[in-house]
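What the coordinates show
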Amino acid sequence: MKLSNVKAVLGAYENSSNIIKIDVNKNFTFGIEFIDSHIKNIQSVCDASYAQVSLASLTTIGFLLAHAGIKNTAMYFTDLSSSGTGKTFNMTLQFKLLLQSIEKLQEELQLSCEDTEELKRYHNMHRGKITTAALNQCIKTQRAQLLMIDELGLLMSRGSDIIDEVTKLYGVDQTALSVTKGEVPNTKNIVPVAFSFMGATTLSYFGGSKSVMKELLGGFINRQVLAYCNVIKKPEEITSIFKDTLDYKTSNEKAMKLFNFAKTCTIKFHYSKESEDLQLEFKKEVQELIVKYHEMGTEFGSFYSRIEQNLQIVLNILHTLKCFESNIWFEEIDKEITSKAISFFKEVVFLEIDKLINYLSDGELLELQSKQLSKIKHHVEKFHNEKGYMPDIRDIQQKTRIKSLDIEVLTKGYLEIIPGSRKLRYCEKY
């Protein structure tokens, strides 16, 4: 995209009449104790931002509910944040706080069927490498699957069949399993599935902005909710070391109570009229953004192409948690939960998308160049006022630590080199 269009692109988000933004440091709350306390626990020992933790939490809880049999709670989440922002630790804590007891149950099921003739794979939480064939065997045995991949960009840069499989499995409730060479024929080839995914990588390992756009248009990225924290704490902001005081046992016990409660669900959720009206209005607001980006000749609208589907997944997760807290099942997803979920997307999810669009549209580069130019102008004016003549490029380079070629580019239209020397002078039009 041309740099001349960057300001217009970045302004599309700001100019939307209804979609709001919040301070990056302000934490959202769902008003549901289970998820709010879980997020708070992780943030008490981890540097990850609220967006990183909340999105990972929804994905992890969504998998737990899918494993219990709740429909349409399987989410995809990728953390594209900078190094040093707690990506990996966040994922580790999600597993340790919510899924260790579930993993133990699956391990016991796996050990109990080792002597049977048919190969069954009860493991449904995969943290690291797994082949497509092995994943297929797992899906045959267990409908709900969770794949967690750290350093996702390294895997994608080499090309991977498993990424194609993840892309295919988003949002489907059944799949035709791939048949590999040498695999024993199995009549059970069309099977139910609820696939959850969580990945983490920096954008540099991912392959940069061109690679992100390729995957966005190819469908892998636009299926997911995304986090992009690019703010690193300054030394003065570090006031203590994190102490791991988390009660993993109690947290897993609570997760098992949620799991067992979810297994008792025999109803099908439906939306109230007020919920449908809120979702319709939200869908129009999202479409307004998609249209704006399309009219600008960009593909950034693809970030919003799965928002409606992801919103409905989050609605099912939050509604189930609300039922759990009340210890009773409600068929109707009401206005209150819908309003809270939409606010979460507006105030958290869209802010992360906005930061990614800023990165992909060279917004970060423009901000850096603006700061560098201000630095150069300040030095030139100070030098001229103190010494009565203009500096040369070397003077500016030594003071600002900006390369001479970059200085020439940044100051075009402001400064020019006097012919036959390295001395600078103001441009006539300046």
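Residues numbered from 1 in each chain as written. Predicted model: local features only at pLDDT ≥ 70, side-chain atom pairs only at ≥ 80, totals over all residues. Heavy atoms only, no water.

**A short note on the confidence of the model for the chain**
Heads up, the condition is: Per residue, pLDDT measures the predictor's confidence, with a range of 0 to 100. Note on definitions: a residue-residue contact is assigned when non-hydrogen atoms from the two residues lie within 4.5 Å.
On average, residues of the chain carry a pLDDT of 85, and 84% of them reach 70 or more. Low pLDDT, under 50, characterises residues 1-6; the stretch is placed with 10 contacts to residues that sit more than four places away or in other chains. Within the model, pLDDT remains below 50 along residues 20-25, and this stretch shows 11 contacts once partners closer than five positions in the same chain are excluded.

**Here's the deal with the environment of Val45**
What counts here: Only DSSP runs of H or I reaching four residues or more are called helices, and only runs of E reaching two or more are called strands; each is numbered from the N terminus. Whether a residue is buried, partly exposed or exposed follows from its accessible area with a 1.4 Å probe, protein chains only, as a fraction of its type maximum: under 20%, in between, or over 50%, in that order.
Here Val45 is to be found in the loop between α2 (33-43) and α3 (50-68). Judged by its relative accessible area of 4%, Val45 falls in the buried class. Separated by 45 residues in the primary sequence, Val45 and Asn90 have C-alpha atoms spaced 9.4 Å apart. Every residue in contact with Val45, bar those within four places of it in the chain, is listed here: Phe89, Leu93, Phe242, Lys243, Asp244, Thr245 and Leu246.

**Brief notes about the packing of aromatic side chains**
To be explicit about the condition: Any two of the Phe, Tyr and Trp rings considered here, Trp counted by its six-membered ring, make a pair once their centres fall within 6.5 Å; the pair's planes then place it as stacked at under 30 degrees, edge-to-face at over 60, or tilted in between.
If you walk through the whole model with that rule in mind, you get 20 aromatic pairs. Between Phe30 and Phe344 the ring centres are 4.9 Å apart and the planes differ by 40 degrees, which places this aromatic pair in the tilted class. Of this pair, Phe30 sits in the loop between α1 (6-15) and α2 while Phe344 sits in helix α14 (residues 335-360), placing them 314 residues apart in sequence. An identical accessibility class is assigned to Phe30 and Phe344; each is buried. Taking 6.3 Å as the distance between ring centres and 15 degrees as the angle between the ring planes, the aromatic pair formed by Tyr293 and Tyr304 counts as stacked.

**As for the pattern of salt bridges**
The criterion, for reference: Any Lys or Arg side-chain nitrogen located within 4 Å of an Asp or Glu carboxyl oxygen qualifies as a salt bridge.
Tallied over the full model, the rule gives 11 salt bridges. A salt bridge links Glu103 to Arg127, with the shortest nitrogen-to-oxygen separation between them at 3.6 Å. On the criterion of sequence distance, the pair formed by Glu103 in helix α5 (residues 100-112) and Arg127 in strand β2 (residues 125-127) is long-range, its members being 24 residues apart. Under the relative-accessibility criterion, Glu103 is labelled partly exposed at 28%. Within the structure, one salt-bridge network assembled from shared partners comprises Lys322, Asp334 and Glu336.

**Brief notes about the sheet that holds β2**
What links the strands of a sheet is backbone hydrogen bonding, and the strands pair in either a parallel or an antiparallel sense. For clarity, the cut-off: If DSSP finds at least two bridges between two strands, the strands pair. Structural elements are reduced to axes, namely lines fitted to C-alpha atoms, with helices fitted over the stretch in contact, and the angle between N-to-C directions of any two is expressed from 0 to 180 degrees.
The strand order β2-β3-β6-β1-β7 describes an open sheet built from 5 strands, whose pairing is parallel. Of all strands in the sheet, those with a lone pairing partner are β2 and β7 (225-227), marking the two edges. Across the sheet, the mean angle separating the axes of adjacent strands is 10 degrees when strand polarity is ignored. Pairing of strand β1 (residues 76-79) with β7 involves 3 bridges; the strand directions are parallel. Among the inter-strand pairings, Phe77 is bridged to a residue of β7, identified as Val225. The sheet contacts of α3 involve β1, β2, β3 (144-150), β6 (194-200) and β7, and relative to β6 the element is tilted by about 155 degrees.

**Points about the environment of Thr202**
Looking at the secondary structure, you find Thr202 in the loop between β6 and α9 (203-206). Residues Thr202 and Tyr228 lie 26 residues apart in sequence; the distance between their C-alpha atoms is 8.9 Å. Aside from chain neighbours lying at most four places away, what touches Thr202 is Leu80, Ser81, Ser82, Ser83 and Lys87.

**Examining helix α12 (residues 273-295)**
Applied cut-off: For a helix, the expected span equals 1.5 Å multiplied by the number of residues minus one.
With 23 residues, α12 extends 33 Å from end C-alpha to end C-alpha; this agrees with the ideal 33 Å at 1.5 Å per step. Residues of α12 that are buried: Ser275, Gln279, Phe282, Glu285, Val286, Leu289 and Tyr293. Remark: Gly297 follows α12 within two positions and exhibits a positive phi of approximately 80 degrees.

**A few points about the side chain of Asn90**
Locating Asn90 in the fold gives a position in helix α4 (residues 87-98). Under the relative-accessibility criterion, Asn90 is labelled buried at 1%. Excluding residues that lie within four positions of it along the chain, Asn90 makes contacts with Ile42, Cys46, Ala48, Gln52, Val53 and Ala56.

**Observations regarding the nonpolar core**
So the rule is basically this: To qualify as a nonpolar core, a set must consist of buried Ala, Val, Leu, Ile, Met, Phe, Trp, Tyr and Cys residues joined through side-chain atoms within 4.5 Å.
Phe30, Phe303, Tyr304 and Phe344 are the most contacted members of the largest nonpolar core, which has 109 residues in total. The residues touching Phe30, leaving out its near neighbours within four places in the chain, are Ile35, Asp36, Ile39, Tyr50, Leu58, Leu318, Lys340 and Phe344. With 11 residues, the next largest nonpolar core counts Ile396, Ile402, Tyr414 and Leu424 among its residues.

**Let's talk about the pairing of β6**
Counting buried positions along β6 yields 7 of 7 residues, so the element is predominantly enclosed. Here β6 shows no split at all, with Ala194, Ser196, Met198 and Ala200 on one side and Phe195, Phe197 and Gly199 on the other all buried. Inspection of the sheet shows β1 paired to β6 by 4 bridges, in the parallel sense. Each residue of the ladder has a partner; that of Tyr76, found in β6, is Phe197. Here β3 runs beside β6; their pairing, made up of 7 bridges, is parallel.

**A look at unusual backbone geometry**
Phi is positive for Asn72, which is not a glycine, with a value near 55 degrees. With respect to the helices and strands, Asn72 occurs in the loop between α3 and β1. Take Asn72: its relative accessible area is 36%, and that puts it in the partly exposed class.

**Notes on helix α6 (residues 132-141)**
Quick reminder: α-helices carry 3.6 residues per turn. Residues three or four places apart thus point the same way. Along α6, 7 of the 10 residues are buried, which leaves the element largely enclosed by surrounding structure. Taken as a whole, α6 has its buried residues at Thr132, Ala134, Leu135, Asn136, Cys138, Ile139 and Lys140. In this structure, the buried residues of α6 make contact with β2, β3, α8 (161-169), β4 (174-176), β5 (190-192) and β6.

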